[in-house]
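# Analysis of the macromolecular model
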Amino acid sequence: MVLQKLIKPAWDTPERTREMEMTLQDCADRTGFRPTKQTYIKSTWKLPITNVVKDFIWKIQLQLLKCRKYFTKMGGEWAEKGTCETCAVTETPEHILFGCTLNGGHETWTEAAKLWRRSSEEPWTDTSLAIVSSLGVIPLMRGSQAGAQSANDKRYQILVSYVAWTIWKARCSRKIGGIEWDPQKTASGL
Ligand SMILES: [Zn+2]
């Protein structure tokens, strides 16, 4: 058991591995490059972003964000919080950042793409949860290599991680803080 702990990192549980494998496969399908689990996680800490946003991405990778299972495991009246009350679906990180209309995700990603197009000749790479959680390890720009750190890679990493973080904060203000949130407000925070 002790030896197993030395070989296996604490995050390497079957449940986490299953979701992580799906993300890594999504990376492979989109970019033709499949990172290992270890490089996938380590790369987040090398991103040119603040520690609080790194921590947020790391929590997406390890399924540690306070949503869905976090609440269902608490049981009782908390269990209901695992569901998005308006959309009546499990409130996954994917739903929060890309699917839910309450957090202003759609408007904020649209604004981010506009900002990118105004300031870069590189085409905008459409985002997904897999892209957000593997920003530090997958090739981001057309023709770039895995782990490449061109100026455009870094700008994309900063913009996309910050947008995801902004949407997450909006969701937490609304859902945890109990603030009545206008979804249009999220994009204005960019
Ligand atoms: Zn929703």
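Coordinates for the structure precede this section.
Scope of this entry: the structure provided in the associated data block. (Residues numbered from 1 in each chain as written. Predicted model: local features only at pLDDT ≥ 70, side-chain atom pairs only at ≥ 80, totals over all residues.)

What follows is about the overall build of the protein. When its secondary structure is counted, the protein shows ten helices and two strands. Ordered by position in the sequence, the α and β elements of the protein form the string α-α-α-α-α-β-β-α-α-α-α-α. Rg of the C-alpha trace for the protein: 17 Å, near the compact-globule value of 16 Å for 190 residues, within the 12% margin. For the protein, the C-alpha atoms occupy an extent of roughly 50 × 50 × 30 Å along the three principal directions. (Helix = DSSP H or I, 4+ residues; strand = E, 2+ residues; numbered from the N terminus. Rg over C-alpha atoms; globule rule 2.2 N^0.38 Å.)

A separate point is the packing of helix H3 (residues 37-44) against helix H4 (residues 51-61). Two elements in contact, H3 and H4, have axes separated by 9 Å at closest approach and are oriented at 160 degrees. Comparing the axis directions of H3 and H4 gives the class roughly antiparallel. Facing H3, whose interface residues are Tyr-40, Ile-41 and Thr-44, H4 presents Lys-54, Ile-57, Trp-58 and Gln-61. Of the residues belonging to the contact of H3 with H4, the class tally is four nonpolar, two polar and one charged. (Axes fitted to C-alpha atoms, helices over the stretch in contact; angles between N-to-C directions. Parallel < 35°, antiparallel > 145°, perpendicular 65-115°, else oblique. Contact = placed C-beta atoms within 7 Å. Nonpolar A, V, L, I, M, F, W, Y, C, P; charged D, E, K, R; others polar.)

Mapping Phe-56 onto the fold places it in helix H4. Taking the C-alpha atoms as reference points, Phe-56 and Ser-133, 77 residues apart in sequence, are found 9.4 Å from one another. Not counting residues within four places of it along the chain, the set of residues in contact with Phe-56 comprises Trp-165 and Trp-168.

Let's shift gears to the environment of Ile-158. Note on placement: Ile-158 falls in helix H9 (residues 151-175). Under the C-beta neighbour-count criterion, Ile-158 is labelled partly exposed, with 16 such atoms within 10 Å. Counting along the chain gives 136 residues from Ile-158 to Met-22, while the straight-line C-alpha distance between them is 24 Å. In contact with Ile-158, other than residues within four places in its own chain, are Pro-48 and Ile-49. (Buried ≥ 20, exposed ≤ 12 C-beta atoms within 10 Å, placed from the backbone.)

Our focus in this paragraph is the packing of helix H7 (residues 105-119) against H9. The geometry of H7 relative to H9 is characterised by a closest axis approach of 10 Å and an angle of 160 degrees between their N-to-C directions. Classified by the angle between their axes, H7 and H9 sit roughly antiparallel to one another. In the crossing of H7 with H9, the sense of the turn from one axis to the other is right-handed. Of the residues in H9, those touching H7 at Gly-105, Thr-108, Trp-109, Ala-112, Leu-115 and Trp-116 are Leu-159, Val-163, Thr-166 and Ile-167. Looking at the contact of H7 with H9 residue by residue, the class counts come to seven nonpolar, three polar and no charged. (Left-handed = near helix turned anticlockwise from the far one by under 90°.)

With that settled, consider the nonpolar core. Core analysis: the biggest nonpolar cluster contains 32 residues, and Leu-97, Val-132, Val-160, Val-163, Ala-164, Ile-167 and Trp-168 have the highest contact counts within it. Broken down by element, the residue count for this core peaks at nine residues, all from H9. Ignoring anything within four residues of it in the chain, the contact list for Leu-97 reads Gly-105, Leu-129, Val-132, Ala-164, Ile-167 and Trp-168. (Core = buried A, V, L, I, M, F, W, Y, C linked by C-beta atoms within 7 Å.)

Helix length check: helix H2 (residues 14-31) (18 residues) gives 25 Å between terminal C-alpha atoms against 26 Å at 1.5 Å per residue, within 8%. Turning to H2, its buried residues number three or more, namely Met-20, Thr-23, Leu-24 and Cys-27. Each buried residue of H2 lies within a common arc of 100 degrees when the element is viewed along its axis, so the set occupies one face. Turned more than 90 degrees away from the buried face of H2 sit Pro-14, Glu-15, Arg-18, Glu-21, Met-22, Gln-25 and Asp-29, all of them exposed. The inward-facing, buried residues of H2 abut H3 and helix H8 (129-133). Directly after H2, the chain includes Gly-32, whose backbone phi takes a positive value near 80 degrees. (Expected span 1.5 Å × (residues − 1). Arc of directions from axis to C-beta.)

Take it as geometry only, folks, not as evidence of what the structure does.
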